[in-house]
Amino acid sequence: MAIRNVRLEGDPILRKKSKEVKEITPKIRVLIDDMLETMYEKEGVGLAAPQVGILKRIVVIDIGDGPLVMINPRLVREEGSQTGDEGCLSVPGKAGQVTRPNDVTVRYMDEDGEYYELDGTELLARAICHECEHLDGKLYVDIVEGGLHDVVPEEEE
Ligand code: ZN
């Protein structure tokens, strides 16, 4: 496994549409492992493949309940709304208010080619929406309400 370089806002690759994954090759498995390692290293809640420069429809998420790997994720239900602070590993040190659905269902394939439908609320719903938008070249800064603010890192005890 390896830590991959995270592309930052302004990099044109973040604005491109990612392609569906047709086959889970050994190279895809390595990419997924590297994405998970990179997300944990950078202390992110999620990471999408275009953020490491690969235009494939793969996202990884961990809101603290263990890793989720979603290949070709597609939102099939969106309900309610929530407004809260959101950040992105491609926009380091910043956060801003974003309104998202509060309750979603996402359909996706895992790394073994099995299909799943997962319901997510609150932070998980936010993370799913945020990461899926990366696959269409969208960033949260496009829909932020009231601008970005600096995030002060928590002091380590
Ligand atoms: Zn992001």
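Residues numbered from 1 in each chain as written. Predicted model: local features only at pLDDT ≥ 70, side-chain atom pairs only at ≥ 80, totals over all residues. Heavy atoms only, no water.

A. Spotlight on the side chain of Arg-100. You can see Arg-100 is positioned in strand E5 (residues 94-100). At a separation of 2.7 Å, a polar atom in the side chain of Arg-100 contacts the side chain of Glu-86. Within the structure, Arg-100 has its side chain in polar contact with the side chain of Glu-133 (distance 3.1 Å). Setting aside residues up to four positions removed in sequence, Arg-100 forms contacts with Gly-80, Ser-81, Gln-82, Glu-86, Arg-126, Cys-129, His-130, Glu-133, Tyr-140 and Ile-143. (Helix = DSSP H or I, 4+ residues; strand = E, 2+ residues; numbered from the N terminus. Polar contact = N/O pair within 3.5 Å; in protein donor to acceptor, adjacent residues only side chain to side chain. Contact = heavy atoms within 4.5 Å.)

B. Quick peek at the sheet that holds strand E1 (residues 46-48). The strand order E1-E2-E3-E6-E7 describes an open sheet built from five strands, whose pairing is antiparallel. For this open sheet the edge positions go to E1 and strand E7 (115-121), each flanked by a neighbour on one side alone. Neighbouring strand axes in the sheet, compared pairwise and without regard to direction, differ in orientation by 40 degrees on average. Along the sheet, helix H1 (residues 26-41) makes contact with E1, strand E2 (58-61) and strand E3 (68-79), crossing E2 at roughly 35 degrees. Against the sheet, helix H2 (residues 122-134) makes contact with E1, E2, E3, strand E6 (103-109) and E7, and its axis sits at roughly 125 degrees relative to E7, the strand it touches most. (Pairing = 2+ DSSP bridges. Axes fitted to C-alpha atoms, helices over the stretch in contact; angles between N-to-C directions.)

C. Quick peek at the coordination of the zinc ion. With distances of 2.0 to 2.3 Å, the protein atoms coordinating the zinc ion are Cys-88 (SG), His-130 (NE2) and His-134 (NE2). Read in sequence order, the donor residues coordinating the zinc ion give the pattern C-x41-H-x3-H. Here Cys-88 is found in the loop between strand E4 (82-86) and E5, whereas its partner His-134 is found in helix H2, with 46 residues between them in sequence. The pair Cys-88 / His-134 is uniform in exposure class, with both members buried. (Donors = N, O, S within 2.8 Å, 3.2 Å for Na, K, Ca; no water. Buried < 20%, exposed > 50% of the residue type's maximum accessible area, 1.4 Å probe, protein only.)

D. The packing of aromatic side chains, seen in detail. In this structure the tally under the stated criterion is one aromatic pair. Taken together, a centroid distance of 5.8 Å and an interplanar angle of 25 degrees make the contact between Tyr-108 and Tyr-116 stacked. The buried category is assigned to Tyr-108, whose relative accessible area is 7%. (Phe/Tyr/Trp six-rings, centres within 6.5 Å; stacked < 30°, edge-to-face > 60°.)

E. Representation of the nonpolar core in the model. The biggest cluster of nonpolar side chains holds 17 residues, and the ones touching the most others in it are Ile-32, Met-35, Leu-47, Ile-58, Val-60 and Ile-71. Broken down by secondary-structure element, the contributors of at least two residues to this core are H1, E2 and E3. It is H1 that contributes the most residues to this core, six residues altogether. The contact partners of Val-60, leaving out residues within four places of it in the chain, are Ile-32, Met-35, Leu-36, Met-39, Val-45, Gly-46, Leu-47, Leu-68, Val-69 and Glu-131. If you look at the next biggest cluster of nonpolar residues, it comprises 14 residues, including Val-59, Ala-125, Ile-128 and Cys-132. (Core = buried A, V, L, I, M, F, W, Y, C linked by side-chain atoms within 4.5 Å.)

F. Molecular detail of the pattern of salt bridges. Enumeration over the complete set of coordinates arrives at 13 salt bridges. One salt bridge in this structure joins Asp-136 and Lys-17, with 2.9 Å as the shortest N-O distance. Taken together, the positions of Asp-136 in the loop between H2 and strand E8 (145-150) and Lys-17 in the segment before H1 put the pair 119 residues apart, joining distant regions of the chain. Relative accessible area serves as the criterion here: at 58%, Lys-17 is assigned to the exposed category. Between Asp-112 and Arg-29 there is a salt bridge, with its nearest N and O atoms 3.8 Å apart. (Salt bridge = Lys/Arg side-chain N within 4 Å of Asp/Glu carboxyl O.)

G. Inspection of the sheet that holds E4 at higher detail. An order of E4-E5-E8 is seen for the three strands of this open sheet, with the pairing classed as antiparallel. Because the sheet does not close on itself, it has two edges, and the strands there are E4 and E8. Ignoring which end each strand starts from, the neighbouring axes of this sheet average 25 degrees apart. Across five bridges, the pairing between E4 and E5 is antiparallel. The partner of Gly-84 across the bridge, within E5, is Val-98. Docked against the sheet, H2 engages E4 and E5, running at close to 70 degrees with respect to E4.

What is shown is where atoms sit, not what they do.
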